[in-house]
There are 2 protein chains.
Amino acid sequence: MKILVTGGAGFLGSRLIQALLQPEALDLLPGHGRIVSLDLAPYPYEDPRVESVIGDIADPACLARLVDAETTVVYHLAAVVSGQAEADFDLGMRVNLDATRVLLEACRQRAKAPILVFASSLAVFGGELPDKVPEDLAPLPQSSYGAQKAMAELLVGDYSRKGYVDGRVCRLPTISVRPGKPNAAASSFASGIIREPLAGLPSNCPVPLETRLWLSSPDTVIANLLHAARLDGQALGLRRTLNLPGISVRVGQMLDSLERLAGLEARARVGDEPDPRIERIVCSWPGDFDIRRPLQLGFGVDRDFDAIVAAHQRFMKTQ
Amino acid sequence: MKILVTGGAGFLGSRLIQALLQPEALDLLPGHGRIVSLDLAPYPYEDPRVESVIGDIADPACLARLVDAETTVVYHLAAVVSGQAEADFDLGMRVNLDATRVLLEACRQRAKAPILVFASSLAVFGGELPDKVPEDLAPLPQSSYGAQKAMAELLVGDYSRKGYVDGRVCRLPTISVRPGKPNAAASSFASGIIREPLAGLPSNCPVPLETRLWLSSPDTVIANLLHAARLDGQALGLRRTLNLPGISVRVGQMLDSLERLAGLEARARVGDEPDPRIERIVCSWPGDFDIRRPLQLGFGVDRDFDAIVAAHQRFMKTQ
Ligand SMILES: NC(=O)c1ccc[n+]([C@@H]2O[C@H](COP(=O)([O-])OP(=O)(O)OC[C@H]3O[C@@H](n4cnc5c(N)ncnc54)[C@H](O)[C@@H]3O)[C@@H](O)[C@H]2O)c1
Ligand SMILES: NC(=O)c1ccc[n+]([C@@H]2O[C@H](COP(=O)([O-])OP(=O)(O)OC[C@H]3O[C@@H](n4cnc5c(N)ncnc54)[C@H](O)[C@@H]3O)[C@@H](O)[C@H]2O)c1
């Protein structure tokens, strides 16, 4: 038994692999099971059960080799993030769209269709949005990243309908607080405005304080990604795509949480220089979703943003 | 000035080219303008202003040559129809998805983005459908054809947002009455049950009489495709995709029209042997749409199904 994680060296991928190695995930990965991380970078930890393959997800030969008869579950997390996909259209198309198809083709060659959990994003939405996004709202991406994710969702849907794969698409909320460094995602600030001040560093908030964000903590997202693989595919019906639960928070409320938990001094480290490029992308995303179906299906959700900040503070102490 | 029509040898493509050659279309194709038909088959008529290129739409070199600095408008109609795309998944992906991307790439290379009118289909929809489909309903394709069209729509949308092309996506209703022979489209019967009896031939209705269809006559669709190229791209806002107007008719009502206009004898030529494969596909499509926006934008619509049958009867007399 084998689980393939594309993007296994990334932020979510490496955390997901660590979670899959815990005893609580024995149902997904029994004791004798192995994990293969496929990424341009090496899986950052040592574990005898994890094989770190350095390779390009868009390479058909590589995927044909890695998705084999042992492969029961594939987590597809490798991606070029939003800011980068907007700046380099061709790279985004190749990694976010073409590689997904290459991966699906590799799954299709298997006698038994593997379970595939694909990480999509709320960036598929845009335009005039209802206050709360219903399950059947049409994607209207305002970034190439969003368009590529939306096309990949359709691919996973059709390959699943055909029985080539047993797909589950999770549209992830924006993740906050993401540890580490800022990245090229347009939403990078949604972690930066908490993470940097807590570490005593300056940070900038490039969007208006009224901006609503749809957020999830890393722990909740990882738990939900595990749950997605455990679901009975039939329970999803025709709609293989789920808006994962999140909480709807205004940027101003995030900074209030920061101040409540870390004081005025921390709050004062956050500047307010607007960045129209980031504002255009982020403000085109929805700030709230109808999550009745994912909750019924057993996905989890964070309590509130204070809890998210507190969890990050606990995490900092462990480092 | 040059207009490229992919699928120019097909049913709609050849009619569209004839319409573009009329004096009423001089605004789209001035007297000195030319039309290039790109199709696996030759354009079926002779006209000094039409160049018939026999080639594969998925061939990048061919498209790079045909989309040149003179090309002001591209009509993208070449496709593998629903029944065939379901039977041959790879062919459908290549022609309906990959070739659309090849075409968009060719447009992207031009200094001035050409207008692109892309023929999509109501087959992008499926699953539980509201009685009347709103503009912002999410596609949930129940056929590979529908999935491929939905992905191509997203491509056209993102290439338009990037300014690589000035795209307009028209989701065509099912066309009835389509002259000629039955084809591999799952909706082929929607013409057959009128066309064959009017010609004295037997026909079969493979779906229940209550089945609602969303229909347009060929003439109305052609007029709407001309209109799509005339529109100011700005008027479309962020939403480049339009559900073209149609009329919502039950199959039983279609047969009533047949009987009204051609007598009981004609009606009696239509059998009722169910075909679950066709029923599964066709009954997953919506039967009615909210068309306020396309009507406001100036698109046209047929009066009722009697008018459509009468128009086909007039057409038969000209043959
Ligand atoms: N973090 C978020 O807020 C968020 C929100 C919505 C969706 N997502 C999605 O979740 C997934 C994981 O996100 P993340 O935050 O861990 O991103 P990340 O950038 O940390 O990880 C992505 C990984 O993919 C790898 N990768 C990129 N191109 C590759 C290629 N051609 N071949 C092999 N590997 C390649 C990178 O090396 C990286 O390790 C992505 O699909 C992302 O789009 C994340
Ligand atoms: N007729 C309808 O009811 C209807 C409904 C919805 C959408 N549409 C869409 O409208 C468009 C035209 O439909 P139609 O009814 O005229 O179909 P058609 O089958 O008569 O015409 C399609 C044409 O595309 C050509 N073609 C196929 N593969 C090709 C390739 N690889 N390279 C070059 N040419 C290729 C075929 O030779 C054919 O002439 C299609 O995109 C179709 O999906 C039609």
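Residues numbered from 1 in each chain as written. Chains lettered and ligands numbered in written order. Predicted model: local features only at pLDDT ≥ 70, side-chain atom pairs only at ≥ 80, totals over all residues. Heavy atoms only, no water.

**So, the packing of helix α6 (residues 189-198) of chain B against helix α11 (residues 305-318) of chain B**
Residues and elements named next belong to chain B. One can describe the packing of α6 onto α11 by two numbers: an axis separation of 11 Å at closest approach and a directional angle of 45°. Overall, the two elements α6 and α11 adopt an arrangement that is oblique. For the pair α6 and α11, the sense of crossing is right-handed. The residues of α11 that touch α6, namely those facing Ile-194, Arg-195 and Leu-198, are Phe-305, Val-309, His-312, Gln-313 and Met-316. Class assignment of the residues belonging to the contact of α6 with α11 gives a composition of 5 nonpolar, 2 polar and 1 charged. (Axes fitted to C-alpha atoms, helices over the stretch in contact; angles between N-to-C directions. Helix = DSSP H or I, 4+ residues; strand = E, 2+ residues; numbered from the N terminus. Parallel < 35°, antiparallel > 145°, perpendicular 65-115°, else oblique. Left-handed = near helix turned anticlockwise from the far one by under 90°. Contact = heavy atoms within 4.5 Å. Nonpolar A, V, L, I, M, F, W, Y, C, P; charged D, E, K, R; others polar.)

**Brief notes about the site of ligand 1**
All names here are of chain A. Around ligand 1, 24 residues are found, and the nearest of them are Leu-12, Asp-39, Tyr-145, Lys-149 and Arg-178. The separation between an oxygen atom of ligand 1 and a polar main-chain atom of Gly-10 is 3.2 Å. Within the backbone of Leu-12, an N or O atom sits 2.8 Å from an oxygen atom of ligand 1. Expressed as a share of its isolated accessible area of 820 Å², the protein-covered part of ligand 1 is 88%. For the shell around ligand 1, the secondary structure elements donating two or more residues are α1 (11-20), β5 (115-121), α5 (144-161) and β7 (174-175). If one sorts the elements of the shell around ligand 1 by residue count, β5 sits on top with 3 residues. (Near = heavy atom within 4 Å. Polar contact = N/O pair within 3.5 Å; in protein donor to acceptor, adjacent residues only side chain to side chain. Areas by Shrake-Rupley, 256 points an atom, 1.4 Å probe, with all protein chains shown as cover.)

**Details of the environment of Ala-19 of chain A**
Residues and elements named next belong to chain A. Relative to the elements of secondary structure, Ala-19 occurs in helix α1. Each C-alpha atom of the pair Ala-19 and Ser-284 lies 32 Å from the other, and the pair is 265 residues apart in sequence. Ignoring sequence-local partners within four residues, the contact set of Ala-19 consists of Ala-25, Ile-222 and Leu-226.

**Let's talk about the domain arrangement of chain A**
Residues and elements named next belong to chain A. Annotation of chain A at the domain level lists domain 1 (2-175 + 215-243) and domain 2 (189-213 + 247-288 + 302-318). Once you take the C-alpha centre of each, domain 1 and domain 2 turn out to be 27 Å apart. Counting residues at the interface gives 18 residues for domain 1 and 16 residues for domain 2. The largest per-residue losses of area from domain 1 upon contact with domain 2 belong to Leu-122, Asp-131 and Leu-215, which jointly make up 36% of the total buried on that side. Between domain 1 and domain 2 we count 2 salt bridges in total. In this structure, Asp-131 engages Arg-212 in a salt bridge whose closest nitrogen and oxygen atoms are separated by 3.3 Å. Counting across the domain 1 and domain 2 interface gives 7 residue pairs in polar contact (both at pLDDT 80 or more). (Domains from an automatic or database assignment. Buried area = accessible area lost by both parts, 1.4 Å probe. Salt bridge = Lys/Arg side-chain N within 4 Å of Asp/Glu carboxyl O.)

**Notes on the relation of the copies chain B and chain A**
Superposing chain B onto chain A requires a rotation of 180° together with a translation of 0.0 Å along the rotation axis, leaving an RMSD of 0.0 Å. Both copies of the chain, as the preceding transformation shows, are related through a two-fold rotation axis. Residue Ala-138 of chain B of chain B places its C-alpha closer to the rotation axis than any other residue of that unit, at 1.8 Å. Most of the interface of chain B is mirrored in chain A: 100% of its interface residues are interface residues there too. (Least-squares fit on C-alpha atoms with pLDDT ≥ 70 in both.)

**So, the interface of chain B and chain A**
One widely used convention gives an interface's size as the accessible area the parts lose upon coming together. Between chain B and chain A, the contact holds 31 residues from the first and 31 residues from the second. Of the roughly 2,900 Å² buried where chain B meets chain A, counting both sides, 58% is carbon and sulfur surface. One salt bridge connects Glu-86 of chain A with Lys-162 of chain B, and the closest N-O pair in it is separated by 3.3 Å. At the junction of chain B with chain A, the criterion picks out 16 residue pairs in polar contact (both at pLDDT 80 or more). Of all the secondary-structure elements, those providing two or more residues to the side of chain B that touches chain A are α4 (89-108) and α5 (144-161) of chain B. Of the residues forming the side of chain B that touches chain A, the biggest block, 9 residues, is contributed by α5 of chain B. Along the lines of polarity and charge, the residues of the side of chain B that touches chain A split into 16 nonpolar, 4 polar and 11 charged.

**Examining the site of ligand 2**
Residue and element names in this part refer to chain B. By nearness alone, 24 residues border ligand 2, and Leu-12, Asp-39, Tyr-145, Lys-149 and Arg-178 come closest of all. Asp-39 places a polar side-chain atom, nitrogen or oxygen, 2.6 Å from an oxygen atom of ligand 2. Leu-77 has a polar backbone atom sitting 2.9 Å from an oxygen atom of ligand 2. Those elements that provide at least two residues to the shell around ligand 2 are α1 (11-20), β5 (115-121), α5 and β7 (174-175). Here the shell around ligand 2 takes 3 residues from β5, the largest share from any one element. Along the lines of polarity and charge, the residues of the shell around ligand 2 split into 14 nonpolar, 6 polar and 4 charged.

**Considerations on the UniProt feature "domain: NAD-dependent epimerase/dehydratase" (unreviewed entry) in chain A**
The UniProt record marks residues 3-226 of chain A with the feature "domain: NAD-dependent epimerase/dehydratase" (unreviewed entry), using the residue numbering of this structure. The span residues 3-226 of chain A is 36% helix and 20% strand, and its two end C-alpha atoms sit 12 Å from each other. (UniProt positions renumbered as here; feature names shortened; annotations may be inferred.)

**Re the sheet that holds β5 of chain A**
Residues and elements named next belong to chain A. The strand order across the open sheet formed by 7 strands is β3-β2-β1-β4-β5-β6-β10, and the pairing between neighbours is parallel. Strand pairing shows two members of the sheet lacking a second neighbour, β3 (50-54) and β10 (241-243), which therefore form its edges. Across the sheet, the mean angle separating the axes of adjacent strands is 20° when strand polarity is ignored. Note that strand β2 (residues 34-39) and β3 share 5 bridges and pair parallel. Looking at the pairing, Leu-38 lines up with Val-53 of β3. Against the sheet, α5 touches β5, β6 (166-172) and β10, its axis set at about 155° to β5. Along the sheet face, helix α7 (residues 218-230) touches β4 (71-76), β5 and β6 and points at about 160° away from the line of β6. (Pairing = 2+ DSSP bridges.)

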